[in-house]
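Fold and contact review
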Amino acid sequence: GAVVSQHPSWVICKSGTSVKIECRSLDFQATTMFWYRQFPKQSLMLMATSNEGSKATYEQGVEKDKFLINHASLTLSTLTVTSAHPEDSSFYICSALRVSYYEQYFGPGTRLTVT
Amino acid sequence: KQEVTQIPAALSVPEGENLVLNCSFTDSAIYNLQWFRQDPGKGLTSLLLIQSSQREQTSGRLNASLDKSSGRSTLYIAASQPGDSATYLCAVPGGGADGLTFGKGTHLIIQP
């Protein structure tokens, strides 16, 4: 099966600092990856689409200067939460699109807590 | 804009019962639909993927159907077990570049 990893699995940071989350497709190449956010007792909401070698596409209401996305290779996308605030505390999940099956495979998620 | 609705929001039943979870979506121009399971504080486990050309998919005690024209899907769970307790999410492509739009989920509790 297709495996997607995320690192770290959880992180606690102080308000005003930046945090980087990595998403890796371990056994397939993914030109497209997606970043989702899930607040407590809410469903997943798409934040942005990450395309290898080009700029990410952000959903309406998501600040691109706050959530920096870099898709530097066919197996790695990173999400950097800049100048984090407590309201950014959430569960962040990435997925990688396996084109041959046109199916998204999800990482295990990263729980971010900003104090 | 695609919207996904799941009914019921929560369900609690005794072990052994057969269950039906419902999902509806507003834009029928989809090429597939996925059902996921999410345990508390955990990521997603993909259960079933139905292509738009298919009517249903089966995996073990799970059976998912898709009626694209009416914008509906159902997830049937046979002979439910306590280990089936989780939140079940339905999702269809509808976000940017085929990112998924999720329903709010059905929180399922199977009583031993």
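Attention here is on the structure that accompanies the text. (Residues numbered from 1 in each chain as written. Chains lettered and ligands numbered in written order. Predicted model: local features only at pLDDT ≥ 70, side-chain atom pairs only at ≥ 80, totals over all residues. Heavy atoms only, no water.)

Attention now moves to the sheet that holds strand β7 (residues 67–73) of chain A. All names here are of chain A. A sheet is described by the order of its strands in space; here four strands give the open sequence β1-β3-β8-β7, paired in antiparallel fashion. Only two strands of the sheet have a single neighbouring strand rather than two, namely β1 (4–7) and β7. If you compare each strand with its neighbour and ignore which way they point, the axes differ by 15° on average. Relative to strand β8 (residues 76–81), strand β3 (residues 19–25) runs antiparallel, the two sharing six bridges. Its bridge partner being in β8, Val19 is matched across the sheet by Val81. (Pairing = 2+ DSSP bridges. Helix = DSSP H or I, 4+ residues; strand = E, 2+ residues; numbered from the N terminus. Axes fitted to C-alpha atoms, helices over the stretch in contact; angles between N-to-C directions.)

Turning next to the sheet that holds strand β7 (residues 62–67) of chain B. Hydrogen bonding along the main chain pairs the strands of a sheet, whether they run parallel or antiparallel. All names here are of chain B. Read across the open sheet, the five strands follow the order β1-β3-β8-β7-β6; overall the sheet is antiparallel. In this open sheet, the two strands that pair with only one neighbour each are β1 (4–7) and β6 (56–59). Here the strands of the sheet are splayed against their neighbours by 15° on average, with no regard to which way each runs. Here β6 pairs with β7 via four bridges, running antiparallel. Considered in β7, the bridge of Ser59 is made with Leu62.

So, about the pattern of salt bridges. Residue and element names in this part refer to chain B. For the structure on display, the rule yields four salt bridges over all chains. Arg61 serves as the salt-bridge partner of Asp84, at 2.8 Å between the closest nitrogen and oxygen. Taken together, the positions of Asp84 in the loop between β8 (72–77) and β9 (86–93) and Arg61 in the loop between β6 and β7 put the pair 23 residues apart, joining distant regions of the chain. Using a relative accessible area of 9% as the deciding quantity, one classes Asp84 as buried. Taking the relative accessible area as the measure of exposure, Arg61 reaches 29% and is therefore partly exposed. (Salt bridge = Lys/Arg side-chain N within 4 Å of Asp/Glu carboxyl O. Buried < 20%, exposed > 50% of the residue type's maximum accessible area, 1.4 Å probe, protein only.)

Moving on: the interface of chain A and chain B. Of the residues lining the interface, 17 residues belong to chain A; the matching set on chain B comes to 22 residues. Overall, the association of chain A and chain B removes approximately 1400 Å² of surface from exposure, summing both partners, and the carbon and sulfur fraction of that is 54%. It is Ser43, Tyr102 and Phe106 of chain A in chain A that bury the most area against chain B; as a group they hold 32% of the surface buried on that side. On inspection of chain A and its partner chain B, the count reaches zero salt bridges. Here chain A and chain B share three residue pairs in polar contact (both at pLDDT 80 or more) between them. (Contact = heavy atoms within 4.5 Å. Buried area = accessible area lost by both parts, 1.4 Å probe. Polar contact = N/O pair within 3.5 Å; in protein donor to acceptor, adjacent residues only side chain to side chain.)

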